[in-house]
Each structure stands twice: as C-alpha cells, then as structure tokens.
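Now for the letters of each chain:
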Amino acid sequence: MTPPEPAETRTTPPTAGRSSRTATLAEIAREAGVSAPTVSKVLNGRADVAPATRSRVEELLRAHGYRRRRAEAGRSPLIDLVFHELESAWAMEVIRGVENVARDAGLSVVLSESAGRLTPGRTWADQVAARRPHGVILVLSGLDESQRALLTSRSIPFVVMDPAGDPGADVPSIGATNWQGGLAATRHLVELGHTRIGAITGPSRMMCSRARVDGYRAALETAGLPVDPSLIMPGDFHHEAGYRQGLELLRRADRPTAVFAGNDLQALGIYEAARELGLRIPADLSVVGFDDLPVAPWVGPPLTTVRQPLTEMAEAAAKLVLDLAKEDGAPAATRVELATSLVVRSSTEAPPAV
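Since the structure is predicted, the reported quantities are computational estimates derived from the model, not experimental observations.

Visitor: What exactly am I supposed to notice about helix 7 (residues 178-191) here?
Guide: For helix 7, built from 14 residues, the straight-helix expectation of 20 Å at 1.5 Å per residue is met to within 8% by its first-to-last C-alpha distance of 20 Å. Considered for burial, the residues of helix 7 that qualify are Asn 178, Gly 181, Gly 182, Leu 183, Ala 185, Thr 186, His 188 and Leu 189. In the segment just after helix 7, Gly 193 is the residue with positive phi, at about 110 degrees.

Given below as structure tokens:
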C-alpha cells in the first residue's frame with residue numbers, strides 16, 4: 001500500500017555536514033527516536049503528538065530541508081475566534097464584526113473561550129493546528145511562545161484584538177485609543193463643573209484598563225485637580241464590580257459627584273447602587289461608561305459613554321488575518337488603533353449646588 005503523500009516535501013539542499021541524499025521519513029523517525037507514523041502526524045498537523053516530540057521532529061524536518069507546500073491548499077474554511085470571556089454583550093459585538101467579514105469570504109467562525117486565562121491552553125493550540133483555519137483572532141488574550149511557534153510552523157496567521165498586555169512588536173494587533181477615551185470621559189465631567197470624580201477600573205493586568213485610568217488621571221491633572229487614590233476603585237469590567245464598588249464610593253460622607261465607570265457594564269452596576277441609596281442620576285450623580293454597548297441608549301437615563309468601535313475593530317481584525325493568510329504580500333499595517341469618541345446622553349450634568 002502506498003503511504004499518503006506528506007504535507008511537506010524536500011525542496012532545499014540539506015544543511016552542511018549532512019549527506020546530500022534525501023532522508024526518508026523512516027530515517028528521520030529513527031534519528032528522532034520515534035515511529036514513522038509519528039513523523040507523518042507531525043507533517044500533517046495532527047494534534048495527538050506531545051509538544052516536546054513535535055518540536056524535536058520539526059527541527060529534524062527543517063534540518064533535512066523539508067518545507068511546507070502552499071498553505072492555502074490544506075486550509076479549512078474557518079476563522080478561529082478566541083475570547084478571554086464570552087459572557088457579555090461586548091462579545092456579541094465582536095462576533096458580529098468577525099461574522100460580517102467571514103460571511104463575505106465564504107468562511108465560518110469557530111468560537112473558543114479561555115475561561116478567564118490570558119492565554120488558551122496547549123490542547124487548544126493543537127486542535128487549531130489540526131483543523132488548519134485561515135487564521136486566528138484572539139480577543140483580550142494572547143499566545144505563549146510555544147503556541148506562537150506551533151501556529152507559525154503550520155502557516156496559520158493570528159491577530160490579537162484589544163491585547164491584554166504588550167503583544168510584542170512582531171504580533172499583528174487591532175486596538176482602540178483607550179487613553180484618549182479615558183481623557184475625554186473625565187474632561188467632559190470636569191467641564192460640567194465636577195471636581196470630585198471617582199473611577200472604577202478594569203483588571204490591572206489589562207493594558208486597555210490601565211490606559212483608560214491613565215487618561216482619567218491626565219484629565220484631572222491637566223485641569224489642576226488633585227488625583228485622589230481613594231476615589232479610584234478596582235474593578236473587573238463586570239456589572240457586579242460596578243455595583244459593589246459603586247456602593248462603597250457612594251456611601252462615603254465625601255462621596256464623588258461623578259464617576260467614570262471604566263466600561264458600560266460597570267456603569268450599569270453604579271446605576272443599581274445609586275438607586276439602592278436613593279440617589280438620582282444625573283441630578284445627584286453623573287456617570288460615564290465606556291464601550292457604547294447597544295443597551296447604553298435604552299437604560300434610564302440613557303448613558304453618556306465613550307464609544308469604542310467594537311464591531312469595526314472586529315471587522316478590521318478579520319480582514320487583517322485574511323490578508324496575512326495570503327501569499328502574495330503583507331498588509332500595509334499590522335498594528336492598528338481605531339479612534340474612540342465621547343457620546344453625550346442624559347446621565348451627566350453639572351453637579352448639584354452645595
């Protein structure tokens with residue numbers, strides 16, 4: 001029986017010091033200390049190979065001059081979309097954007113969640129390598145070095161959207177002007193006359209969260225107002241954090257007259273805390289969110305917020321990953337930031353007269 005043709009062929013001369021004769025897969029298997037079927041699995045991107053074994057076999061394949069054929073031939077009609085967390089309206093906006101691009105390209109979208117971790121598990125990377133999608137988009141997430149190496153070795157491009165940390169100069173990414181958004185939100189409150197402005201942050205390990213609170217601080221400092229650390233409360237971008245930290249801020253005798261909530265979900269938590277304490281928005285308390293989720297215009301009162309173009313960011317990430325998948329040239333830009341903008345509605349006004 002003739003064995004199936006491998007996904008790679010030997011197209012370059014062997015490295016110095018090796019025989020000029022083409023090494024067979026059986027000889028590579030002996031050199032690696034594995035079976036020939038294991039070498040075949042590595043060649044064909046199968047998931048059921050231990051990481052250390054895969055690395056050893058791939059190194060020998062490269063040394064013997066094996067090179068992968070054109071990547072398009074073996075790709076499945078998929079885009080992998082990986083979330084840090086899926087349980088929010090924020091995720092739905094991203095899914096909508098990726099689906100828009102995937103549908104036009106005749107592709108389907110595979111959803112994964114890293115269960116709150118900033119990098120998906122190794123099993124995930126093996127599964128992606130085995131199904132060979134057109135590309136991978138990671139949202140508020142990233143890849144470790146071994147995962148990046150595995151996807152790169154399989155010619156599977158990846159893009160990080162709204163990276164949690166610094167993705168590295170060589171990692172394509174799509175983000176938003178988070179610092180400028182935090183600045184605009186706080187400046188709006190300052191211009192209304194507020195001088196005691198609280199803030200609820202997102203997770204400190206996330207770059208977008210740090211940028212937003214840095215913008216908040218910059219707006220206060222530019223206006224000559226003190227930055228009171230006791231008015232900056234840690235959050236996690238969920239409704240419950242906004243409610244819990246909102247109660248703590250609003251129960252103070254010297255409570256703030258306005259709060260920059262960090263995101264819309266936390267702003268809705270502050271709404272709940274204010275109602276519980278008998279405070280009226282905006283008569284007693286002004287609130288500004290961040291994201292401009294579809295619910296923002298429909299809450300009572302409609303939420304003033306910073307619009308983060310989530311759907312457009314997702315569309316840009318999907319277009320970028322598909323451009324990277326092409327073999328006829330690199331895209332013009334692989335690090336992109338889309339502009340945020342302040343959307344003024346009815347949750348902010350001048351502070352109550354003392």
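Visitor: What should I look at first to understand the confidence of the model for the protein in this one?
Guide: For the protein, the average pLDDT comes to 87, and 88% of its residues sit at 70 or higher. Every residue in residues 1-9 is under pLDDT 50, and counting partners more than four places away or in other chains gives 17 contacts. Confidence drops under pLDDT 50 across residues 11-20; counting only partners more than four residues distant or on other chains, this segment forms 12 contacts.

Visitor: Is there a simple way to think about the pairing of strand 5 (residues 135-139) in this case?
Guide: The two faces of the sheet receive side chains in turn, since in a regular strand these alternate between them. Of all 5 residues in strand 5, 5 are buried, a share of seventy percent or more. In strand 5, alternate side chains face the same way, and those of Gly 135, Ile 137 and Val 139 on one face and Val 136 and Leu 138 on the other are all buried. The pairing of strand 3 (residues 78-83) with strand 5 spans 5 bridges and is parallel. Within the sheet, the bridge partner assigned to Val 82 lies in strand 5 and is Leu 138. Viewed along the sheet, the connection from strand 5 through helix 6 (residues 145-153) into strand 6 (residues 158-161) turns out right-handed.

Visitor: Please explain the packing of aromatic side chains as it appears in this structure.
Guide: The geometry of two aromatic rings is summed up by the distance between their centres and the angle between their planes. Summed over the entire model, instances satisfying the criterion amount to 1 aromatic pair. Consider the rings of Phe 260 and Phe 290, whose centres lie 6.5 Å apart with planes at 50 degrees: the pair is tilted. Residue Phe 260 is found in strand 10 (residues 258-260), and its partner Phe 290 is found in strand 11 (residues 286-291); the two are separated by 30 residues along the sequence. By the burial criterion, Phe 260 is buried, and Phe 290 matches it.

Rules and cut-offs
- Sequence order as written defines the numbering, with residues in each chain counted from 1.
- Whole-chain, interface and lining totals are the exception, using all residues; otherwise, since this is a predicted model, local features are given only for residues with pLDDT of at least 70 and side-chain atom pairs are given and counted only at 80 or more.
- The basis for every side-chain value is the complete set of non-hydrogen atoms in the structure, without hydrogens or water.
- Secondary structure is summarised from DSSP: a helix means a run of H or I of at least four residues, a strand means a run of E of at least two, and numbering begins at the N terminus for each.
- Multiply 1.5 Å by the residue count of a helix minus one, and that product is the helix's expected span.
- Only protein chains enter the accessibility calculation, which uses a 1.4 Å probe; a residue is then buried when its area is under 20% of its type maximum, exposed when over 50%, and partly exposed in between.
- Values of pLDDT, the confidence the predictor places in each residue, fall between 0 and 100.
- We call two residues in contact whenever any of their non-hydrogen atoms come within 4.5 Å of each other.
- When DSSP locates at least two bridges between a pair of strands, those strands are taken to pair.
- Convention used here: a crossover is right-handed provided that the path from the first strand, over the helix, to the second strand proceeds clockwise when the strands point away from the viewer.
- Aromatic rings from Phe, Tyr and Trp, with only the six-membered ring used for Trp, were paired whenever their centres fell within 6.5 Å, and each pair was classed as stacked if the ring planes differed by under 30 degrees, edge-to-face if by over 60, and tilted otherwise.

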